[in-house]
Amino acid sequence: MNDALYEFSTDPARIDAARVHELVSRHTYWARGRPREVMDAALAGSRPYGIYRRDTGAQVAFARVVTDGATFAWLADVIVDPDLRGQGIGKLLVAGVVADIEPLGLRRTLLATADAHGLYEQFGWQPVKDEFTWMERPGTGAVTRGADA
């Protein structure tokens, strides 16, 4: 990837909420059809990250972290523009997220993925050890089953 073309940002003011909604609701398996108001609420309750073209400022990738800032975080909604995949943009995004949350000294950062294990393993993620039995309480909100995985 050419770092001269793209830049990582932690600035919430740079997030293009309409573009993020388009990427997440149209191009993901976990949140297809997510309503805009749900995406906006998720943005408001998260630490958002973006990758932007240096020449135009256009947002080409997005991720968000939900965290208490002290013990736990969840990496969610990691998405790269489908037309730009395979250029290292996802690596730039995840590296930036990791660098931003590392100083928090969190005990655990979780994520769920069906198809990007290799990407996340490069940054230290590993399968959840069986020290706990995870449980979930399904809700009535947002979109289809599998949403927000």
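Note that this is a predicted model, so its numbers are computed, not measured.

Some points on the overall build of the protein
Now for step 1: A tally of helices and strands in the protein yields four helices and five strands.
Now for step 2: Secondary structure elements of the protein, listed N to C terminal, follow the sequence β-α-α-β-β-β-α-β-α.
Now for step 3: Here the C-alpha atoms of the protein give a radius of gyration of 15 Å, agreeing with the 15 Å that 2.2 N^0.38 yields for 149 residues.
Now for step 4: Principal-axis analysis of the C-alpha atoms places the extent of the protein at approximately 45 × 30 × 25 Å.

Some points on the sheet that holds strand β4 (residues 72-80)
Now for step 1: Overall, mixed pairing links the five strands, which are arranged β1-β2-β3-β4-β5 in an open sheet. Two strands close off the open sheet at either side, each with one partner strand: β1 (6-9) and β5 (108-110). Taken over all neighbouring pairs, the strand axes of this sheet differ in orientation by 20° on average, direction set aside.
Now for step 2: Pairing geometry for strand β2 (residues 47-53) and strand β3 (residues 59-67), over six bridges, is antiparallel. Residue pairing across strands places Arg47 opposite Val65, the latter belonging to β3.
Now for step 3: In the packing of helix α2 (residues 36-44) onto the sheet, the strands contacted are β2, β3 and β4, and the crossing angle to β3 comes to about 60°.
Now for step 4: Most of the contacts of helix α3 (residues 89-101) go to β2, to which it runs at about 140°, and overall it touches β1, β2, β3, β4 and β5.

Points about the layout of surface pockets
Now for step 1: Volume-wise, the second largest pocket comes out at about 690 Å³.
Now for step 2: Lining the second largest pocket are 24 residues, with Thr109, Leu110, Gly124, Trp125 and Gln126 sitting closest to its centre.
Now for step 3: Breaking the lining of the second largest pocket down by element, the ones donating at least two residues are α3, β5 and α4 (117-121).
Now for step 4: Considered class by class, the residues forming the lining of the second largest pocket number twelve nonpolar, six polar and six charged.

Rules behind the numbers
Residues numbered from 1 in each chain as written. Predicted model: local features only at pLDDT ≥ 70, side-chain atom pairs only at ≥ 80, totals over all residues. Heavy atoms only, no water. Helix = DSSP H or I, 4+ residues; strand = E, 2+ residues; numbered from the N terminus. Rg over C-alpha atoms; globule rule 2.2 N^0.38 Å. Pairing = 2+ DSSP bridges. Axes fitted to C-alpha atoms, helices over the stretch in contact; angles between N-to-C directions. Contact = heavy atoms within 4.5 Å. 1 Å grid on protein atoms, 1.4 Å probe; cavity = no way out; pocket = protein on both sides within 12 Å on 5 of 7 lines; lining within 4 Å. Points joined across faces, edges and corners; volume = space filled by probe spheres on them. Nonpolar A, V, L, I, M, F, W, Y, C, P; charged D, E, K, R; others polar.

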